[in-house]
Each structure stands twice: as structure tokens, then as C-alpha cells.
Amino acid sequence: MATEKAAEDGGDHRQHHPILANLITGIKEEEQVERELDVNEISELCQAHCKGIPASQGLDQRKATTEVCEFDDDGSGQLAEKCQTMYQQADHFRLCNIPKPGENGGGSSRYGWLGMLGAELWFGFYWLLTQSLRWNRVHRHTFRDRLLLRYENELPRVDVFVCMADPAIEPPVMVINTVLSVMAYNYPPEKLSVYLSDDAGSELTFYALLEASRFAKNWIPYCKKFNVEPRSPAAYFASLSVSDQSDADFSKIKRLYEDMANRIDVACKAGTVSDQAKLEYKGFSKWDSYTSKKNHAAILQILIDSRDEETKDIDGVRLPTLVYMAREKHPQHFHNFKAGAMNALLRVSSEISNGPVILNVDCDMYSNNSNSIQDALCFFMDEERSHEIAFVQFPQSFENSTKNEIYGSLRVLDEVEFHGLDGYGGPLYTGTGCFHRRDTLYGREFSKEARIDLKSSCPEKMEEYVHELEERLERLASSMYEENTQWGNEIGLKYGCPVEDVLTGLTIQCKGWKSVYYRPKRKGFLGVTATTLDQILVQHKRWSEGDLMILLSKYSPVRYGLGKLNPGLVLGYLTYCLWSPNCLATLYYSIVPSLYLLRGTSLFPQVSSKWFLPFAYVIIGELIHSFTEFLWSGGTVLGWWNEQRIWLYKRTSSYIFAFLDTMLKLFGSSNTTFIVTPKVTDEDVLLRYKQEKMEFGSASSMLTILSTLAMLNLFCLVGLVKILILTREFELKYAFETMALQILLCGVLVFVNMPLYNALFFRQDKGKIPSSIVVQSVVFALSVCISVELVL
Ligand SMILES: O=c1ccn([C@@H]2O[C@H](COP(=O)(O)OP(=O)(O)O[C@H]3O[C@H](CO)[C@@H](O)[C@H](O)[C@H]3O)[C@@H](O)[C@H]2O)c(=O)[nH]1
Ligand SMILES: [Mn+2]
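Along each chain, residue indices are assigned from 1 in the same order as the chain's sequence is written. To read the labels, note that chains go from A and ligands from 1, taken in the order they are written. Totals for whole chains, interfaces and linings use every residue, but because this is a predicted model, local features are given only for residues with pLDDT of at least 70 and side-chain atom pairs only at 80 or more, for both listing and counting.

Remarks on the overall build of the chain
Right, so step 1: For the chain, the helix and strand inventory stands at 29 helices and 13 strands.
Right, so step 2: Per-residue burial over the chain gives 47% buried out of 792 residues.
Right, so step 3: Pairs at least 24 residues apart make up 84% of the contacts formed inside the chain by residues separated by at least 6 positions. Helix numbers and strand numbers start at the N terminus; a helix is a DSSP run of H or I with at least 4 residues, a strand a run of E with at least 2. With C-beta atoms placed from the backbone, a residue counts as buried when 20 or more other C-beta atoms lie within 10 Å of its own, as exposed when 12 or fewer do, and as partly exposed for counts between those limits. By the criterion used throughout, residues are in contact when their C-beta atoms, derived from the backbone, lie within 7 Å.

Printed below as a string of C-alpha cells:
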């Protein structure tokens, strides 16, 4: 209703509507009044208002280019509070009822009990941490029209960095689709520069980029003319139905794209670029001395220079600058993975376009929204808030997710938790889809006085010839360049951590800067998520290991960050840094209670006892909370169930290895690695992925652990049934009275593992669990069960 009023009144009704008045002028009181309206109403209200004021009149009232909305509690807060009380009661029960030595099945029962107490204390503590991410959520809005009105000719130059590492698992056609999507941003081309870092230094990738630089001359004008979305050609063509594909322009551009993709595919299949293509473009001569992806000189090629009057698209408009860079690789010099590539890009780009704003995307994360640069600039150029903002992080969304997300998702993290972090001064930097100020990446401290002016003119024409410039800049990408410098330490992205992004973001925030989380309706970026269980477990091992390393490093948020970060943000960081130690409590909880079933020893309160209630409440309350939150975030019921399985699998495999590896690193006996996530999938694996059949595939130690745990729980449940039926040692009623929760826990674990049993014993396809693991897991689980029966 408020919206309609605003639209009708048009003109100057700011006096009548206090909320609107605050929104438009950016007065600080919005916190108190905004709770009256929900997010959509506010946005509609603002849009209606903007339409009502002619541009010339309302300009000075439209200074704010962004808006912050606090988020109303959806009622889950009460449930959370109640859960907290119940958690305390459950712990109280544990403390008051520790079995005495020799009581109830001997000393083992006492230790089992104490272990449960430890695990529950941990769960309670961790649960509190996760709540911190939900207390203070904020949502943000941008007003792009105001940005353009105010800064049309002074928009900053923007440099886009695309990183890739291996053409075998990151196919060149996919990479150039990402490159083309960012070249076609709705942004003045002379102010846009795109840099591709190829860590393999592959001539195939270079060839693909060369092809893309030619295709861009048709593609960019086509996108702008028809306002195409998304601007990755492959994604755009795939998004259209047959009836959309009739006109001549479309047929032409599609044919051009397919011809180009074919040529690249042919080269990739042959493993080399044709001699003719090499003759046509002399840049290929730089590969004459190339030996391998781990050993080659730096290669830098400016494929399009926007300053060059000659290079224009088919409509005669200038093109964005396009640069290919392969930094030097040498077996004796550690290359620091993506962080090393980003730092080389920082140096090289500073000499070409030197954009004060930098966007980084992974090679699979194409731009899905052609206005993202403008959105990000609304934050960087907002007159009131921008001076303290160092980076704007967009969520990581995936194009190839299936409906029920068999390998889990980042759904709750994206839709809930990062908004919570934003409320405390900023989300973590999570790599792809993040806009930075160049200065803060260089290590600049925040200062209230020194405001950084981003407004910039078009880059000036270079005096140097392009090939001289290229040669000079190749030195900036040499493997020796960083020796005895502060790069990777005080300057640029930080080295030594598998999550260079989180660490870098943390240190930026510790220097006094804030960050922004922006999740527009139309997703900003779409990438490729893992399509096998192994891939997702390896990725989460890397992430959780990196996060724990940060906690134990000198940049630990609890030591280094204390006093520098908002306490809420410290708790937020802790939630992620403590991902991997979760493995201990989860392992305990998924093994010990089940094993105690075999001896008929109860580790939980009896059903009729007053202590049963807090346990039941915590379990049910938490389930309802996570279930509703998941559905509210747009997930499906089955998706939530799958998420529970992946939750368990990550905690009992990825996190264990991450934890152990970090401990080894503490004692100096393990090296940092970075296993790049594959972005291609075999056809039959893809088919199973689309059918949402879990892909177990090759043998790995993580899979052995998961299978052994699943078998162990199955044996315990079967063992209990055997005892109940055959030996009649104790009655059914008595068993449920004393061990209901324990039986429930074991039963749920078995139920969660159904797809795993299927893959162990029934499936015939290649995604089943290899027979070596079947044997191992059965033998391990059986021997544990037997020895427990004998010992306990
Ligand atoms: O030596 C390397 C290794 C990786 N990469 C690139 O880094 C990106 C991320 O690698 P990927 O295997 O896709 O890892 P993810 O776990 O999917 O990446 C997430 O996590 C990383 C570590 O936190 C961040 O760097 C990423 O931006 C973020 O998307 C890809 O474009 C790679 O090509 C390099 O350029 N050089
Ligand atoms: Mn990735």
C-alpha cells in the first residue's frame, strides 16, 4: 500500500513518508524505521520514487547509490533461544550422571559417557557460533540509475582477472565463454580490460583466446543490440528454445560461435594448434622454447588494446583490452597457485590499464548479469559509505546444480550466513565473483581522512610498441620477480594457505576496511560445481584445511583480529575456521553410541526420565530449524535430506584429513597442495549426475572411511536386532525405554547411508564402490564390532 501511494504521488512526497525520505537522502536513521517494511517493499518504494522525480530536479537528493536493509527475524530466533537452554540442560544431565568406575558395564561405560559429554559440549559451542551468523543479517540494494546520472563520464577503469590452471580439466572453450561474458559487460569498453592468467601456459588456451578476440567483434555488438543475457555465448544459446532462434542475426552469430568452438575442439583433440593457424599469428612463436606446463618462460600477449584506434567491433565501437598471461614456471620456484597468478596479474595490469577496481573470476564462473560492474560500483562510489569498503563479494552460484543437489550446496551459506557476516562489517573474500579496490589489495591501511578517488579517465595511448611493452612486462611475471620482496606477504594476495582468498580478505578487514555482500536477484556469476563425491570431498578438504590453518597462523581471527574486527565477525570467522575440528565430535557420535548398542549399554537418558526432554527438544528443534531454513532458502525437501548426508560425509572424511594434514603441517612435515577441481565430466558420469545417483567411483581413503562407518552402523543395528530376537537377553520394551535415542541415532545413520549400501552391494555401473573397498570396509567394521563385543 505504501508502494502505491509513493507511485501515485510522484514528485516530492518525501515529507509525507519518513521511510522514503531517509532512503532517498541516505540519512542514517533507516535502522529504526526500516523494520516496518520488508526488503521487496523497500526496493519497490525506491523505484517508484525514482520514477517520480525528473532527473534534473532530484539529482542532489539521489546521492546514495546503495541501500542497506536489516533483516527481520523470521521467528527462528525464539526456537534458537529455546534450543540453547535445552543444550545447557542436556550437558547438565551428562555432568550429573557420569557413571562411577565399575558401574553399568564397567569402566568403558564411564569413558564412553565422558566422550559423549565432550562431543556434546563441542556441538553446543559450535552451534552457538553458527547462531552468530544469524543474528544480524543485512540485505543490500543498488541504484544503478543514480550511479550513471552522477558519474557517467567519470566511471573508473575496471580490470577483470580470469584464472585458469589446466586445459585438460578446464577446457579452453569454457574458459573463453567466461572471458567473452566479462568482455561484454554493460560498461564503457575503453574502461574495461580483461586479463586471462593461464597457469599451464598452454598454446591451446592461447589459441582459444585468440579466436575469442576475433569472435568478440561480433559478439559484443550483438549482446548490446539485443540486450542479451547471459553473455556467455554457450550459456546464452543453451538458454533459448527453438522458437526463439528464428531471425537472421541470431543464426549468423550462432554459426560464427559454432565454427569457432569447432576449430578449438579440433585443436584440443589434436593436442596442438594447426600449422596454418601458427603461420597466421606470429604470437605462437613464443611457444618455441616451451617445455612443459611446470617449466616455461613467461608469455604475455596483448590481443586487443582498447587504446588502438584500429581495433573496433563490427559496429565501429572500441573493444575492451584483452591480455593473455602465462607467468613463468620453474620447478625450483614455488608458484603459490592462484594467489601467485593473481599477484602477477596485479603487476602486469598495473602497467597496461591500471584499473582502480579489480574483478576476479575463476575460469568456469561466467558473468550471468551484464550489470554486475555497475552494481559493484554503486558500493564503491556511494558518497556516504563507500570510503570504508574494500571489496564487494557476490555469492558463488552454480549452473550445473541438479534439483535436489546430491552433493549439497552453498545455499544456506549464500542466502543466510553471508548476510549475517555483512551485518558485522563484511563477508569473507571467497575468491571468484569479488570486486576489489586495487589499493587495498596492495596492502593499503584504512584511514578516515584519505579517501581514494576512483573516478578515472580512459587510459592514454602508450608510446611503446606493443611487442616492446610485452617484453618489458614479461619480466613482471617471471618466477624470480618476487624474491626478496613483500609480495605474498605485505603486498597482494597472501601466500602459504590453500584458501588464499579468505586469508587475504581477513587481513584487509584487519586493516580497518569493511566488505559488502551483494546477492542480486539475477545471479551475478554462474560456475561449475563438483559432479562426483570424490571431487566435493577433496574441495572441502582444501577449504576446511585452509580455514583451520588461518586459525592457527599469525593471522588468527581470534588473536590478530581481536580488537580489529567486530566481535560478531570474529565468531563468524571461527565458524568456518573450525569446520575441520568438527570431525572429532561427529566421528565419536557416529561410532560410539552404535557400538554400545551391541552391549546393551545406554548412553542417553531413559524415555520416561525428565532428562529425555532436553535431548528430544534439541534434536527436534535443530531439525525443524535447519529444515525450514533450507526450504526458506529455496531448497527442496529431498535436497535437505541430501544435505544432511553430505554434512555427515564431509565431517567424517574431508574434515578428518584436513585436520590431520594441518596438524602435520604444524610440525612441518606436510606441504601445501592445491588440487584443482575438474570442470569436465565424462558422459556416463554426467548422466548419473543428472539422475542424482551418487558417484562413488575410484578407490580413495576417504571412501574407505565412509564405507567402514556405514558398515559399522549397519552391523550394530543388525547386531541389536539379533540380540533382541534370538537371545531375548532383554525385552523389546526395555530396550526402547533405555536406548531409544541410541537406536534412533544408529537407525538414522543407516538410513542416511542407503545410497552407499546400494553402491557397495547392488549397483553395477561404474559409479559403484570398487570391490577392494567393499572388502576392506566389511573386514574393518566387522573386526571392530567383534572386538568391542569381546572387550567391552
Ligand atoms: O595453481 C593454480 C590453481 C588454481 N588456479 C585457479 O584457481 C581457481 C579456483 O580453483 P578451483 O579448483 O576451481 O577451486 P575451487 O575450490 O572451486 O575455488 C574456490 O576456492 C578457491 C580457494 O579458496 C578460490 O581461490 C576460488 O576463487 C574459489 O572459487 C580456478 O580458476 C583455477 O584455474 C590457478 O590459477 N592456479
Ligand atoms: Mn571452482
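Some remarks on the sheet that holds strand β3 (residues 158–164)
Right, so step 1: Two strands form a pair only when DSSP identifies at least two bridges running between them. Spatial ordering of the open sheet is given by β5-β6-β4-β3-β7-β11-β9-β12, a layout of eight strands whose pairing is mixed. Looking along the sheet, the strands with just one partner apiece sit at the ends: β5 (299–304) and β12 (514–517). Across the sheet, the mean angle from the axis of one strand to that of its neighbour is 20°, orientation sign disregarded. The axes are straight lines fitted to the C-alpha atoms, using for helices just the contacting stretch, and the angles between their N-to-C directions are given from 0 to 180°.

Focus: the UniProt feature "transmembrane region" (unreviewed entry) in the chain
Right, so step 1: As recorded in UniProt, the sites labelled "transmembrane region" (unreviewed entry) are residues 569–591, 703–727, 739–761 and 773–791.
Right, so step 2: Structurally, residues 569–591 comprises 83% helix and 0% strand, and the distance from its first C-alpha atom to its last is 34 Å.
Right, so step 3: In this annotation, residues 703–727 is assigned 100% helix and 0% strand; the end-to-end C-alpha distance for the span is 35 Å. UniProt positions are given in the numbering used here, feature names are shortened, and annotations may be inferred rather than shown by experiment.

Observations regarding the packing of helix α9 (residues 172–183) against helix α10 (residues 203–226)
Right, so step 1: Packing of α9 against α10 leaves a shortest axis separation of 9 Å and a crossing angle of 35°. Two packed elements cross with a definite hand, and for α9 against α10 that hand is right-handed. Contacts from Pro-172, Val-173, Val-175, Ile-176, Val-179, Leu-180 and Met-183 in α9 reach Leu-204, Thr-205, Ala-208, Leu-209, Ala-212, Ala-216, Trp-219 and Ile-220 in α10.
Right, so step 2: Classes in brief: Ala, Val, Leu, Ile, Met, Phe, Trp, Tyr, Cys and Pro nonpolar; Asp, Glu, Lys and Arg charged; the others, Gly included, polar. Here the contact of α9 with α10 is composed, by residue class, of 14 nonpolar, one polar and no charged. Definitions for this section: a left-handed crossing has its near helix turned counterclockwise from the far helix by less than a right angle. A right-handed crossing has that turn clockwise.

Observations concerning the site of ligand 1
Right, so step 1: If you check the shell around ligand 1, you find 20 residues, and the closest are Cys-163, Ala-165, Phe-337, Asp-362 and Gly-431.
Right, so step 2: Contributions of two or more residues to the shell around ligand 1 are made by β3 and α14 (337–352).
Right, so step 3: Considering every element that reaches the shell around ligand 1, the biggest residue donor is α14, with three residues.
Right, so step 4: Its residues assigned to classes, the shell around ligand 1 shows nine nonpolar, six polar and five charged. Any residue qualifies as near a molecule or strand once its backbone-derived C-beta atom lies within 6 Å of it.

Overview of the pairing of strand β4 (residues 192–198)
Right, so step 1: By the criterion of burial, β4 is predominantly enclosed, with seven of the seven residues buried.
Right, so step 2: Going residue by residue along β4, you find Leu-192, Val-194, Leu-196 and Asp-198 tucked away on one face and Ser-193, Tyr-195 and Ser-197 tucked away on the opposite face as well.
Right, so step 3: The sheet contact formed by β3 and β4 spans seven bridges and is parallel. Bridge pairing links Val-158 to Leu-192 in β4.
Right, so step 4: The handedness rule is simple: strands pointing away from the viewer, and a clockwise path from the first strand over the helix to the second, make the crossover right-handed. In this region the chain leaves β3, passes through α9 and returns to the parallel neighbour β4; the handedness of that crossover is right-handed.

Focus: the sheet that holds strand β10 (residues 397–398)
Right, so step 1: With respect to topology, three strands assemble into an open sheet ordered β8-β13-β10, the strand pairing being mixed. Every interior strand has two partners, whereas the edge strands, β8 (366–367) and β10, have only one.
Right, so step 2: For β10 and strand β13 (residues 525–527), the ladder comprises two bridges, and the chain directions are parallel. Paired with Phe-398 across the strands is Gly-527, a residue of β13.

Some thoughts on the environment of Thr-652
Right, so step 1: Along the chain, Thr-652 falls in helix α24 (residues 637–666).
Right, so step 2: The buried category is assigned to Thr-652, around which 22 C-beta atoms lie within 10 Å.
Right, so step 3: Taking the C-alpha atoms as reference points, Thr-652 and Leu-631, 21 residues apart in sequence, are found 25 Å from one another.
Right, so step 4: The residues contacting Thr-652, other than those within four sequence positions of it, are Cys-583, Thr-586, Leu-587, Ser-590, Ile-705, Leu-706 and Leu-709.

Some remarks on helix α28 (residues 754–762)
Right, so step 1: Among all positions in α28, only Leu-756, Ala-759 and Leu-760 are buried. Projection of α28 onto a plane perpendicular to its axis shows the buried side chains occupying an angular sector of 100°, all on one side. Set apart from the buried face of α28 by more than 90 degrees, the exposed residues are Met-754, Phe-761 and Phe-762. As used here, the arc is the angular range of directions from the helix axis to the C-beta atoms.

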